[in-house]
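A structural walkthrough
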Amino acid sequence: MEKNYILFPNYSQGLKLESFLNDNNIKYVISPTPRKLSTCCGISIMYNKKDEDDIKAIIKNNSVEIKGLYTLE
């Protein structure tokens, strides 16, 4: 099963995106960053692939800094 993650350069950017996801009723889970991806601050957000376009728009429109969006099998 695929899992989708958003990684951040720091903790505060993760919290910033979390606030916007809540405001837009997008489901997510705060998760430890998987070891395969652990080049960031230690937290990541797991999300549903179906929400990815909406999440990308939120990130862009609100100047949230991310390291990237990743999918693991």
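Quick note: structure is the one above.
In what follows, the accompanying structure is described. (Residues numbered from 1 in each chain as written. Predicted model: local features only at pLDDT ≥ 70, side-chain atom pairs only at ≥ 80, totals over all residues. Heavy atoms only, no water.)

Its location among the elements puts Ser31 in strand β2 (residues 28–32). Those residues in contact with Ser31, other than ones at most four positions away along the chain, are Tyr5, Gly42, Ile43, Ser44 and Met46. (Helix = DSSP H or I, 4+ residues; strand = E, 2+ residues; numbered from the N terminus. Contact = heavy atoms within 4.5 Å.)

Let us look at unusual backbone geometry. Non-glycine residue Asn25 carries a positive phi angle of around 55°. Its identity as a non-glycine residue notwithstanding, Ser63 has a phi of 50°, on the positive side. Structurally, the position occupied by Ser63 is in the loop between α2 (52–61) and β4 (68–72). Given a relative accessible area of 55%, Ser63 falls into the exposed group. (Buried < 20%, exposed > 50% of the residue type's maximum accessible area, 1.4 Å probe, protein only.)

Side chains of nonpolar character tend, in soluble globular proteins, to be buried together. Formed by Ile6, Phe8, Leu17, Leu21, Ile26, Tyr28, Ile45, Tyr47, Ile55, Ile58, Ile59 and Val64, the largest nonpolar core amounts to 12 residues. Only α1 (11–23), β3 (43–47) and α2 provide two or more residues apiece to this core. Once residues lying within four places of it in the same chain are set aside, the contact partners of Ile58 are Leu17, Phe20, Leu21, Asn24 and Ile26. (Core = buried A, V, L, I, M, F, W, Y, C linked by side-chain atoms within 4.5 Å.)

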